[in-house]
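# A closer look at the structure
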Amino acid sequence: MENKLETKNIADMSGLSPLQKGILFHYLENHNSDAYVEKVCVELKGVIQDECFDNAWQAVVNAHEMLRAVFRWEKIQNPVQIILKEKRLNLEIYSLMDQEAVAIIKSKKVDLQHQPFSLVLLKGEFHHQLWLIYSHILLDGWSVSLLIKDFLDCYCALIEGHPLP
């Protein structure tokens, strides 16, 4: 995967906090480790309106700069986090009945240079599982609950035909 970023898509760049440096150290030490990788499952019930679902999550990504963050450490003295102006949501969708979906989620890795935050939706007819997969370098548990609330607010607004909050 290409590591180059378009300069015109960079909103901000900053050094890492001491905690982020520690998490990056462990990430670089073993890319296959799940240390500091969170996989949170949210159970959803009812019919999902795909377009509203995608647009609501994209609105959340647009509103929260950490969801647009990528990290760089190669060929520079100090690692940095880069906030992109625009980043497309990384959402994978599988059937809830797909036996391989659980294995896909378990094996899913976080890529700090390209995708430190991603979503996997396991869709059933009226019951679904939304998996948020992210590095703790971006978010903590408290922040994730706020993101889920923001998503639900956006999703409900879109379904009801209201402007995004």
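These figures come from a predicted structure and were not determined experimentally.

The rules behind these values
- Position numbers for residues count from 1 along each chain, tracking the sequence in the order it is written.
- Predicted model: local features are reported for residues with pLDDT of at least 70 only, side-chain atom pairs are reported and counted for 80 or more only, and whole-chain, interface and lining totals are derived from all residues.
- As a convention, hydrogens and water are excluded, and side-chain values are obtained from all of the structure's heavy atoms.
- Runs of E in the DSSP output that reach at least two residues are strands. Runs of H or I that reach at least four are helices, and both are numbered from the N terminus.
- Type-normalised accessible area, obtained with a 1.4 Å probe on protein chains alone, sets the label of each residue: buried when under 20%, exposed when over 50%, and partly exposed for intermediate values.
- Any two residues having at least one pair of non-hydrogen atoms within 4.5 Å are treated as being in contact.
- Note that accessible areas follow from Shrake-Rupley with a 1.4 Å probe, and for residues the cover is restricted to the protein chains shown.
- Charge assignment in this entry is limited to Lys and Arg as positive and Asp and Glu as negative, and neither His nor the chain termini are counted.
- A single reference atom marks each charge: NZ on Lys, CZ on Arg, CG on Asp, CD on Glu.
- We call two strands paired when DSSP finds no fewer than two bridges between them.
- To define axes, lines are fitted to C-alpha atoms, for helices over the stretch in contact only, and angles between the resulting N-to-C directions are given on a 0 to 180 degree scale.
- Think of a nonpolar core as a cluster: buried Ala, Val, Leu, Ile, Met, Phe, Trp, Tyr and Cys residues, connected wherever their side-chain atoms sit within 4.5 Å.
- Every helix has an expected span of 1.5 Å times one less than the residues it contains.
- Each residue carries a pLDDT score, the predictor's own confidence in it, on a scale running from 0 to 100.

### With respect to the overall build of the chain
Scanning the chain for helices and strands turns up 4 helices and 7 strands. Ordering the α and β elements of the chain from the N terminus gives β-α-β-α-β-β-β-α-β-β-α. For the chain, the C-alpha atoms occupy an extent of roughly 50 × 35 × 30 Å along the three principal directions. Per-residue burial over the chain gives 39% buried out of 165 residues. Partitioning the intrachain contacts of the chain with sequence separation of at least 6 by distance along the chain shows that 71% fall at a separation of at least 24. A total of about 9,600 Å² of accessible surface is found on the chain, and carbon and sulfur atoms cover 54% of it. Distance from the positive charge centre (16 side chains) to the negative charge centre (22 side chains) of the chain: 5 Å.

### Some points on the sheet that holds strand S4 (residues 80-84)
On the basis of which strands lie adjacent, the open sheet formed by 3 strands has the order S1-S4-S3 and antiparallel pairing. The sheet is open, and its two borders are formed by strand S1 (10-15) and strand S3 (69-72), each paired with just one other strand. The sheet shows a mean angle of 25° between the axes of neighbouring strands, direction not considered. In terms of strand pairing, S1 meets S4 through 5 bridges, oriented antiparallel.

### Points about the environment of Ile-159
Mapped onto the elements of the fold, Ile-159 is located in helix H4 (residues 141-159). Judged by its relative accessible area of 38%, Ile-159 falls in the partly exposed class. When the C-alpha atoms of Ile-159 and Gln-49 are compared, they prove to be 7.8 Å apart, with 110 residues separating the residues in sequence.

### Focus: the environment of Gln-49
Note that Gln-49 resides in the loop between strand S2 (37-45) and helix H2 (50-63). With a relative accessible area of 38%, Gln-49 lands in the partly exposed category. Not counting chain neighbours up to four residues away, the residues in contact with Gln-49 comprise Tyr-155 and Ile-159.

### Looking at the nonpolar core
Membership of the largest hydrophobic core comes to 45 residues, with the highest contact counts inside it found for Phe-53, Trp-57, Phe-117, Leu-130 and Leu-132. Counting only elements with at least two residues in this core, the list comes to helix H1 (18-29), S2, H2, S3, helix H3 (99-107), strand S6 (117-123), strand S7 (127-135) and H4. In this structure, Phe-53 is in contact with Leu-44, Ile-48, Leu-91, Leu-121, Leu-130, Phe-151 and Tyr-155, ignoring residues within four places of it in sequence.

### Here we look at the sheet that holds S2
Strand order across the open sheet formed by 4 strands is S2-S7-S6-S5, with mixed pairing between neighbours. In this open sheet, the two strands that pair with only one neighbour each are S2 and strand S5 (91-95). Pairs of neighbouring strands in the sheet enclose a mean axial angle of 20°, with direction left out of account. Packing against the sheet, H2 makes contact with S2, S5, S6 and S7, and its axis sits at approximately 165° to S6.

### Some remarks on H2
Between its first and last C-alpha atoms H2 spans 20 Å; for 14 residues at 1.5 Å apiece the expected length is 20 Å, and the two agree. Residues Cys-52, Phe-53, Ala-56, Trp-57, Gln-58, Ala-59, Val-60 and Val-61 constitute the buried set of H2. Against the buried residues of H2 lie S2, S5, S6, S7 and H4.

### Re the confidence of the model for the chain
Residues at a pLDDT of 70 or more form 99% of the chain, whose mean pLDDT is 94. Between the elements of the chain, mean pLDDT differs from a low of 89, seen in H3, to a high of 98, seen in S4.

### Things to note about the side chain of Lys-108
With respect to the helices and strands, Lys-108 occurs in the loop between H3 and S6. Contact partners of Lys-108, with chain neighbours within four places excluded, come to Lys-39, Asn-90, Glu-92, Ser-118, Val-120 and Ile-133.

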